Amino acid sequence: MIPFNKPYLTGKEAHYLYQAVYSGQLSGNGKYTKKCQQYFEDALGVKKTLLTTSCTDALEMCAILLNIQPGDEVIVPSYTFVSTALAFVRQGAKIIFIDSRVDYPGFDEDQLESLITSKTKAIVPVHYAGIACDMDIIMKLADKYDLFVVEDAAQAIDSYYKGKPLGSIGHLSCLSFHETKNIQCGEGGLLVINDDRFVNRAEVIWEKGTNRAEFFRGEIDKYGWVDIGSSFLPSELNASFLYAQLEEIESIQNQRRKLWQKYFDGLNELMKNGIIKLPVIPDYATNNGHMFYLICRNKAERNGLIDFLKDNNIHAVFHYLSLHSSKYYHSKHDGRLLPNADKYSETLVRLPFHLFISSTEVELIVETVKNFFSNK
Ligand SMILES: *Cc1c(COP(=O)(O)O)cnc(C)c1O
C-alpha cells in the first residue's frame, strides 16, 4: 500500500534530541525553543512567536488573548479542521460559519461583510492547502469594523500572499507541526504575534498565568500568578526535533513542490477534459506543496475513486466534514445553507503526499486515477 502520509525525517532529529537530553534542561523555553522561535521571527518578519504544544493550543491562546466572551461572534469557515472553531467555542463564542468559495475550499471573502454584526469579535481565515485567502479584503473589513484577524496558517508554512509570508498578516496567527504538516515534530504549533499589544500577555498565558518569562529575562525580581493561562509550551524534546526539520526546510519544500507539480502535470488532461477539477492558485498566492487534492463531479464518483485507489493499494482520503453540519455544532448553527463547504465535503480527494513517494509511484497513482475515469 502506498500510504497517504509518512512523516519525513531529516536524519538530524536524533542528534538534536540527544543534545537536548544531555543538556540537562528538558522543560520548555530552553535553547531549542528559542532557536525555533528565532527562526520564525526572522522568516515571518515579526517581533514575537511562541512555540506551543499544537496549533490547537495556539488557537486557544488567541481566544484568551482576544478576551472572547459568551455571546461574541467569531467568523470561521465551515470547511476546516475542528480546532479552528473549537478554540473559540471553549471561550463561549458563537461561531458564524462562512462558506467556501466556488474555486477554493478555504474561505469566501466576498461573503464576509454580510456576516459581520455588532457582536463580531474576530475573523479566522484558513489558508487551505497552504494557498492564501485574499488577505487584503479580510484585513480591510477588519479595519473598517474594528475586528481582530487570526490566521489559521496550520498548513501554510513557507507560503505567501502578495510576497508577504502567511502567518505575518493577521493580528495573531497559528501554525502546526503535527506529523501531517510540511515541517513536523509529531505534535507542535506556533503562535505568531504581529500586534505588539499582545506580546506580554501572550507570554503570561503561555506560562500558566505567571510572569515567569519576564522573571527569567531579569525584568522583575520574583514571579507569581498574574492572569489566566495554561501550560501551552512544549518541552525541549519537541523543540530540538523541530529544529532539525527547520534546518532542512528549503530542501523539504523544494521536494514537496516538485511532487505537487508532478501530480498536477499528470492530471492536467483530466482537468482539461472537464472530468475533475484541480487546485487553483491565484496570482496573489503561492504554492507550498502542502497537499495535493482533486475535486470529483459528485460524491458517488469521489467515493468510487477512493475505493478504486484502495483496491490498487493506494491510500487516498477525503477531508473535512462541514462543521456547520457536525454532530456537535449543527443544532447551534444558524441554519444558513453552505453549499460550497458541503460540496467539498462530498467531492474532494487527497492523494498520497509525502517525501517517500518515488517518481514511479506518482506515475502509477496518476495512471490509476486516469484508469478510473477512462470509461466515465
Ligand atoms: C492541522 C490543522 C489544525 C490543527 O493543528 P494541531 O497542531 O494538530 O493542533 C488546525 N487547523 C488546520 C487548518 C489544520 O490543518
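On a predicted model such as this, the values are computed, not experimentally measured, just so you know.

Definitions and limits used
- Residues numbered from 1 in each chain as written.
- Predicted model: local features only at pLDDT ≥ 70, side-chain atom pairs only at ≥ 80, totals over all residues.
- Heavy atoms only, no water.
- Helix = DSSP H or I, 4+ residues; strand = E, 2+ residues; numbered from the N terminus.
- Rg over C-alpha atoms; globule rule 2.2 N^0.38 Å.
- Contact = heavy atoms within 4.5 Å.
- Lys, Arg positive; Asp, Glu negative; His and termini not counted.
- Charge placed at Lys NZ, Arg CZ, Asp CG, Glu CD.
- Domains from an automatic or database assignment.
- Buried area = accessible area lost by both parts, 1.4 Å probe.
- Buried < 20%, exposed > 50% of the residue type's maximum accessible area, 1.4 Å probe, protein only.
- Polar contact = N/O pair within 3.5 Å; in protein donor to acceptor, adjacent residues only side chain to side chain.
- Expected span 1.5 Å × (residues − 1).
- Salt bridge = Lys/Arg side-chain N within 4 Å of Asp/Glu carboxyl O.
- 1 Å grid on protein atoms, 1.4 Å probe; cavity = no way out; pocket = protein on both sides within 12 Å on 5 of 7 lines; lining within 4 Å.
- Points joined across faces, edges and corners; volume = space filled by probe spheres on them.
- Nonpolar A, V, L, I, M, F, W, Y, C, P; charged D, E, K, R; others polar.

*Asks:* Please clarify how the overall build of the protein chain should be interpreted in this entry.
*Replies:* Regarding its fold elements, the protein chain presents 13 helices and eleven strands. Computed over its C-alpha atoms, the radius of gyration of the protein chain comes to 21 Å, within 12% of the 21 Å expected for a compact globule of 376 residues. By principal-axis analysis of the C-alpha atoms, the protein chain measures approximately 75 × 55 × 35 Å. In the protein chain, the share of contacts with a sequence separation of at least 24, taken over all contacts with a separation of at least 6, comes to 71%. If the 40 positive side-chain charges of the protein chain are averaged to one point and the 46 negative ones to another, these points end up 2 Å apart.

*Asks:* What am I meant to see in the domain arrangement of the protein chain here?
*Replies:* A common way to state how big an interface is: give the accessible area lost once the parts meet. As far as domains go, the protein chain holds domain 1 (13-246) and domain 2 (249-374). Centre-to-centre, using C-alpha coordinates, domain 1 lies 26 Å away from domain 2. At the interface, 44 residues of domain 1 touch 39 residues of domain 2. When the two sides are added together, the surface that domain 1 and domain 2 hide from each other amounts to roughly 3,500 Å², 54% of it contributed by carbon and sulfur.

*Asks:* Got a minute to help me understand the side chain of Q37 in this structure?
*Replies:* Residue placement: Q37 occurs in helix α2 (residues 31-44). Taking the relative accessible area as the measure of exposure, Q37 reaches 4% and is therefore buried. Those residues in contact with Q37 that lie beyond four places of it in its chain are K48, T49, L50, L51 and W206.

*Asks:* What is the right way to look at the side chain of N182 in this model?
*Replies:* For N182, the position within the fold is in the loop between β8 (172-176) and β9 (189-193). Within the structure, the side chain of N182 is placed 2.8 Å from the side chain of H290, a separation counted as a polar contact.

*Asks:* Help me out: how do you make sense of unusual backbone geometry in this one?
*Replies:* Excluding glycine, a negative phi dihedral is what most residues carry, and trans is how most peptide bonds are arranged. Phi is positive for K162, which is not a glycine, with a value near 45°. Assignment of secondary structure puts K162 in the loop between β6 (160-161) and β7 (164-165). For N313, which is not glycine, the phi dihedral falls at a positive 60°. Within the secondary structure, N313 is located in the loop between α11 (299-311) and α12 (339-347). Among the residues examined, N313 registers a relative accessible area of 45% and is labelled partly exposed.

*Asks:* I tried to follow helix α9 (residues 236-247) on my own but got confused; where do I start?
*Replies:* Given 3.6 residues to a turn, an α-helix orients residues that are three or four positions apart in the same direction. An ideal rise of 1.5 Å per residue puts 16 Å on twelve residues; α9 measures up with 16 Å between its terminal C-alpha atoms. Within α9, nine of the twelve residues are buried, which leaves it mostly tucked inside the rest of the structure. Of all the positions in α9, only E236, A239, S240, F241, L242, Y243, A244, Q245 and L246 are classed as buried. If you follow the buried residues of α9, they end up packed against α1 (13-23), α2, β1 (48-52) and α10 (249-272). With a side-chain oxygen lying 3.0 Å from the backbone nitrogen of L237, the N-terminal cap of α9 falls on S235.

*Asks:* Would you mind showing me how to read the pattern of salt bridges here?
*Replies:* Where charged atoms from two side chains of opposite charge approach closely, those side chains can pair. Evaluated as defined, the whole model comprises 19 salt bridges. Across the salt bridge formed by K208 and E207, the nearest N and O atoms sit 3.4 Å from each other. Owing to a relative accessible area of 41%, K208 belongs among the partly exposed residues under this scheme. Its relative accessible area of 3% is what places E207 among the buried residues. E301 is the salt-bridge partner of R297, the closest N and O atoms lying 3.0 Å from each other. A network of salt bridges, in which partner residues are shared, links K48, E203, R217 and E219.

*Asks:* Sorry if this is basic, but what is going on with the layout of surface pockets here?
*Replies:* The method is simple in principle: a probe with the dimensions of a water molecule rolls over the atoms, and the space it marks as empty is what remains. The calculated volume of the largest pocket comes to roughly 510 Å³. Lining the largest pocket we find 28 residues, and of these Q155, H178, T180, K181 and Y320 sit closest to its centre. Of all the secondary structure elements, the ones that give two or more residues to the lining of the largest pocket are α3 (55-65) and α4 (82-89). Ranked by the residues each element gives to the lining of the largest pocket, the list is headed by α3, at three residues. Broken down by class, the residue content of the lining of the largest pocket amounts to ten nonpolar, 13 polar and five charged. Of the residues that make up the lining of the largest pocket, three or more belong to each of domain 1 (13-246) and domain 2 (249-374). Estimates place the volume of the second largest pocket at around 290 Å³. Taken together, 17 residues form the lining of the second largest pocket, with N29, K34, W206, E207 and F216 sitting closest to its centre. Listed by contribution, the elements that provide at least two residues to the lining of the second largest pocket are α2, β1, α7 (199-206) and α8 (212-216). The dominant element in the lining of the second largest pocket, judged by the number of residues it contributes, is α8, at three residues.

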